[in-house]
Amino acid sequence: MSLSEYADVRSASAMASDGGSSSQMLPCVFSPKSHQYLALCAQDGRLRIWNTDSKTLHQEYVPSAHLSATCTCIAWGPCRTAKEGPQRKKRKSEAGQLVETTDLLALGTAAGSILIYSTVRGALQCTLDGGHSGTVNTVQWHPEENVLYSGSDDTHIAEWDLQTGKMRCKWKADRTAVTSLCVSPNGKLLLSAGMTIKMWDLETKEVYRKFTGHSTMVTTLCFATTRPPDSEGLYFLSGAAHDRLLSVWQVRSDGKDKNSVVSFTLTDEPQHIDLLKSDSKEEAVRLAVVCKDGQLHLFEHFLNGPCKKPLSPACSVQVSSVGGKSSQDDTPVPVPLLAAALNTDKQSLLLAYGSHLQPVMERAPVNTSERHVCLVRDVQTTLSLSIDTAVSMVKTPIVNTKKSKVLVPGLPGHQAPPKASNQSTQPEKRKKGTRTEMSIEERLEQVELSAVGKGGDKGVSTLQTDSYAVLLVQGLESKDKNILNRIFQARKETLIRNTVSRVPLPAILPLLEELSIRIQGHPSTAHTAVDWLKAVLTLHTSYLSSLPDLVSQLGRLYHLIESRVKGYQQLMRLHGKLYLLMTQAATRGSANKANELDHTAKLVYEEESSDEDEASGDEGLPGDESENWEEDEEDEEEDMDTAEEKQNHADEEMREDSKANGDESDLEPENESEEE
């Protein structure tokens, strides 16, 4: 492929990664050493294990809570000798041979539990509960012991004993969520990452080193060498979210390892990493990185010290499918890579690309001397072949296709809605003189408007349900946004249900695609689109269940809705905290108002103690001119006048009596003076 075509594929893959609906990375991991199996979890929450040799579905496991507690991370256990299994009896020639197989698989869930699945038994071995209160972001096996480590959103690391199925210990690793873990090859050190990278001593559970340099959450950790840390040859890799650099850190004995020594440039955030570790300085590290945009980058570097400039990939690989059937417009369509594994021969790679529901696995030879390699594959034919050869537990009867009739409109393996079956009989009907099919313009002209209203002359013109269904089909066929916007503005439940019930079956899939696009848009349009989607899923369930390719479309739609609802719980927590703060502020304001009350007395009352107090009090008053005091003084003066008048009247009567008796001359001067 030419460089211009490769540039078209690269730009198209970038646009697909930016505009795609799968914002959350789904787990996809190859089994260690032999890479015989590929384990991945798709949007439907099921665990699927594919055989890379036969390229068929080996096992499928559906967790009990696969919709509420989805799988967030996957980790294969170390290869060990298989002691249990259905094939215990061996031949005499094979009696002395011990074959190492990959058996156990650890699944971290969003509910905080960890599932241990056995591929040999094909069933769930045990469930690890009670260790985390948040989502499990990463799980990591110990290379030698039967121990598992897990990191969660609750900022803790848990150590599990798989023999007993119980937790050994648990400690806080960071202030933020623990997003990645990695155990050293000798099993003595543990790397944990949130916003900062910490190296723990597994014996004492204490921090051995700290590494800072990423501005976002670290999502990838991996040891690159197997050397001991005392030899200053221990290196590890780290990648962060929304970061296009892969950093390499060196663990030094003197502790001067604050900055990264080497950085690899990428086109997007790293999603899957596979490497061949280096045992000595003379051996180079081979690295295969699959980015979020679906491209693969290959690196090869000798880790023997710092490097100032970032290293570009030695080779970049992109997979594309055949664009169109016409020879004029044959533009390649990018196919995203899911995972990649390095082989020891350095000439081939094990690739997994396509969809998580139906991946395509291939051992492809890659010429690393070229900087850019584009692999053109016909994905549709490979998918159809793999579907036929896939393992299925459902037995399908053999049907004679010549005498049988297909009554279900959904055909197996179709990618587009089937056309109506009566189109082939249209020429015969036209010959017989029947009425021909009307064009879209004629239908739009003859759309009847009914006046709905109780006021007689004053009526509101609305479209009938039949015309809504006709316009909806015409808008889906012609992709006219004006017609679709006018129809999807309806919010009445009865109108929506009647319209959807009258939509023909071949238009259901285009309607679902249009609704999924509108749900990804503005929230106001997404709100109305959800009502239409609910009506489609409830009224046409029987038709949708007969379509074989609907799983990918509904899986994408479910993943979109789940990503939208994921932040609802956090918003409700924020709402509760804000409500508490507002109520506390209101109570403090009311308390301040109560403290600011005026404590001065509005009325003072004093009791009368004695006459002397009254006299002294009257003298002390500066000049009281109230009416009550004046009235009291007038009453006292009147009483004094009446007493004096009575006394004078009594004196006059005594004098008259004395004159009559003739005693005036006999009065003594003393008595006179006393009387006076």
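Residues numbered from 1 in each chain as written. Predicted model: local features only at pLDDT ≥ 70, side-chain atom pairs only at ≥ 80, totals over all residues. Heavy atoms only, no water.

**Examining helix α6 (residues 481-488)**
And step 1. Inspection of α6 places I483, L484, I487 and F488 among the buried residues, and these make up the whole buried set. Each buried residue of α6 lies within a common arc of 120° when the element is viewed along its axis, so the set occupies one face. For α6, the exposed residues set more than 90 degrees away from the buried face come down to K481, N482 and R486.
And step 2. Measuring from the backbone nitrogen of N482 back to the side-chain oxygen at the start of α6 gives 3.2 Å, which picks out D480 as the cap. (Buried < 20%, exposed > 50% of the residue type's maximum accessible area, 1.4 Å probe, protein only. Helix = DSSP H or I, 4+ residues; strand = E, 2+ residues; numbered from the N terminus. Arc of directions from axis to C-beta. Polar contact = N/O pair within 3.5 Å; in protein donor to acceptor, adjacent residues only side chain to side chain.)

**Considering the nonpolar core**
And step 1. By size, the foremost hydrophobic cluster in this structure holds 31 residues, and its most contacted members are L472, I487, F488, L511, L515, W532 and V536.
And step 2. For this core, the secondary structure elements donating two or more residues are α5 (465-478), α6, α7 (493-501), α8 (508-519), α9 (523-539), α10 (541-545) and α11 (550-565).
And step 3. Per element, the largest residue contribution to this core is 6 residues, and it comes from α8.
And step 4. When neighbours within four sequence positions are excluded, F488 is seen to be in contact with L472, L511, E514, L515, R518, T528 and W532. (Core = buried A, V, L, I, M, F, W, Y, C linked by side-chain atoms within 4.5 Å. Contact = heavy atoms within 4.5 Å.)

**Some remarks on the pairing of strand β9 (residues 114-118)**
And step 1. Among the 5 residues in β9, 5 count as buried, and that is most of the element.
And step 2. By the alternation rule, side chains of β9 split into I114, I116 and S118 and L115 and Y117, which are all buried.
And step 3. The hairpin formed by strand β8 (residues 104-109) and β9 contains 4 residues between the paired strands, and G112 there has a positive phi angle of roughly 95°.
And step 4. Inspection of the sheet shows β9 paired to strand β10 (residues 123-128) by 5 bridges, in the antiparallel sense. Note that in β10 the partner of I114 across the bridge is L128.
And step 5. In textbook terms, the turn of a hairpin is the stretch between consecutive antiparallel strands, and for β9 and β10 this stretch comprises 4 residues, one of which, G122, has a positive phi near 70°. (Pairing = 2+ DSSP bridges.)

**Regarding the packing of α6 against α8**
And step 1. The contact between α6 and α8 brings their axes to 13 Å, and the two run at 80°. As summarised for this structure, α6 and α8 are arranged roughly perpendicular, according to the angle between their axes. Where α6 abuts α8, its residues K481, L484, N485 and F488 lie against L511, E514, L515 and R518.
And step 2. Its residues assigned to classes, the contact of α6 with α8 comprises 4 nonpolar, 1 polar and 3 charged. (Axes fitted to C-alpha atoms, helices over the stretch in contact; angles between N-to-C directions. Parallel < 35°, antiparallel > 145°, perpendicular 65-115°, else oblique. Nonpolar A, V, L, I, M, F, W, Y, C, P; charged D, E, K, R; others polar.)

**Overview of the pairing of strand β11 (residues 136-141)**
And step 1. Looking at chain direction, β11 and strand β12 (residues 147-152) are connected through 5 bridges and run antiparallel. In the strand pairing of β12, T138 is matched with G151.

**Examining the sheet that holds strand β3 (residues 47-51)**
And step 1. The strand order β1-β2-β3-β4 describes an open sheet built from 4 strands, whose pairing is antiparallel. Since the sheet does not close on itself, it has two edges, and those belong to β1 (28-30) and β4 (56-61), each with one partner. Averaged over all pairs of adjacent strands, the angle between strand axes in this sheet comes to 20°, irrespective of strand direction.
And step 2. In the sheet, β1 pairs with strand β2 (residues 37-41) via 3 bridges, with the strands oriented antiparallel. Bridging from a neighbouring strand, F30 pairs with L38 of β2.

**Points about the pattern of salt bridges**
Any two side chains of opposite charge can pair, given that their charged atoms come close.
And step 1. Following the criterion strictly, the structure yields 9 salt bridges and no others.
And step 2. Here E60 and R46 are joined by a salt bridge, their closest N and O atoms 3.1 Å apart. With E60 in strand β4 and R46 in the loop between β2 and β3, the pair connects residues that are 14 residues apart, well separated along the chain.
And step 3. Looking at R46, the relative accessible area reads 32%, which means it is partly exposed.
And step 4. Residues D154 and K170 are paired through a salt bridge, measuring 3.8 Å at the closest nitrogen-oxygen approach. Of the two residues, D154 is situated in the loop between β12 and β13 (156-161) and K170 in strand β14 (residues 166-172); the sequence distance between them amounts to 16 residues.
And step 5. The class of D154 is buried, set by a relative accessible area of 13%.
And step 6. Here K170 falls in the partly exposed class, since its relative accessible area comes to 37%. (Salt bridge = Lys/Arg side-chain N within 4 Å of Asp/Glu carboxyl O.)

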